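Working through the structure, step by step
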Amino acid sequence: LKEKVRTSQWVVISLSFAGVLLIIRPGGALFDWPALLPMGTALMMAVYQVLTRQIAGQESPYTSIFYPGLIGALLFSLLLPYTWTEPLSWWHVVLMILNGAIAAAAHLVLIKAFDHAPASRLAPFSYMQLVWAMLLAWIVFGDFPDAWALCGMGVVVGAGIYLATRSKPAER
């Protein structure tokens with residue numbers, strides 16, 4: 001992205017990755033192929049954010065929302081004959097529409113943010129996903145992270161906060 005990253009930032013990013021390793025613990029009993037799914041998700045999210053950052057300011061935010069949404073809808077519609085389940089009530093349809101509207105609004109906000117700030121400055125905000133994922137896992141599945149996972153999350157969030165608060169005044 002042609003953004004300057006200082007050595008201290010690389011050290012903190014490496015520390016953050018160590019926190020991720022604390023969460024998934026490769027080589028341990030909890031590490032199996034499904035543990036790679038969050039890593040794949042993180043990789044795809046990084047690619048998505050890099051591409052969004054590259055076109056921010058060059059294309060209209062609405063164009064940036066429309067074409068990925070259209071392509072995604074067309075590609076996923078190919079799976080409908082094999083996966084479609086009739087909604088059980090009108091409320092499920094409302095929830096699907098609401099989910100799409102919230103996702104589109106979130107994408108628009110992300111595009112606008114990338115238009116006004118470097119990606120390295122915005123990255124720590126995505127760490128709130130850890131908090132929400134942990135809360136949802138606890139509420140929906142009754143699964144609360146163990147001490148190692150909490151420690152890893154703390155390292156990742158702490159590194160992100162450090163990066164966000166230690167940037168130069170010109171980057172803020």
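To keep things clear, this report deals only with the structure shown in the data block.

Rules used throughout
Residues numbered from 1 in each chain as written. Predicted model: local features only at pLDDT ≥ 70, side-chain atom pairs only at ≥ 80, totals over all residues. Heavy atoms only, no water. Helix = DSSP H or I, 4+ residues; strand = E, 2+ residues; numbered from the N terminus. Contact = heavy atoms within 4.5 Å. Axes fitted to C-alpha atoms, helices over the stretch in contact; angles between N-to-C directions. Parallel < 35°, antiparallel > 145°, perpendicular 65-115°, else oblique. Left-handed = near helix turned anticlockwise from the far one by under 90°. Nonpolar A, V, L, I, M, F, W, Y, C, P; charged D, E, K, R; others polar. Phe/Tyr/Trp six-rings, centres within 6.5 Å; stacked < 30°, edge-to-face > 60°. Buried < 20%, exposed > 50% of the residue type's maximum accessible area, 1.4 Å probe, protein only. Core = buried A, V, L, I, M, F, W, Y, C linked by side-chain atoms within 4.5 Å.

On the secondary structure map, I65 appears in helix 3 (residues 61–77). Non-local contacts of I65, meaning those with residues more than four positions away in its chain, are made with A104, H107, L108 and I111.

This paragraph deals with the packing of helix 3 against helix 5 (residues 90–116). Closest axis-to-axis distance for the helix 3/helix 5 pair is 9 Å, and the angle between their directions is 135°. With respect to helix 5, the element helix 3 is oriented oblique. Here helix 3 and helix 5 pass one another in a crossing that is right-handed. Of the residues in helix 5, those touching helix 3 at P61, Y62, S64 and I65 are A104, H107, L108, I111 and K112. Of the residues contributing to the contact of helix 3 with helix 5, the split by class is 6 nonpolar, 2 polar and 1 charged.

On to the packing of aromatic side chains. Summed over the entire model, instances satisfying the criterion amount to 3 aromatic pairs. For the ring pair W90 and W91, a centre distance of 5.7 Å and an interplane angle of 80° mean the geometry is edge-to-face. Since its relative accessible area comes to 63%, W90 is described here as exposed. Accessibility expressed as a relative area gives 45% for W91, which makes it partly exposed. Ring geometry for W138 versus F144: centroids 5.3 Å apart, planes at 70°, classification edge-to-face.

Once that is clear, we can look at the nonpolar core. In terms of nonpolar packing, the biggest core is built from 5 residues, these being A56, L110, F114, A117 and L122. What A117 contacts, discounting residues up to four positions off in sequence, is R53 and L122.

Relative to the assigned elements, Q9 resides in helix 1 (residues 7–24). Discounting chain neighbours no more than four positions away, the residues touching Q9 are K4 and L163.

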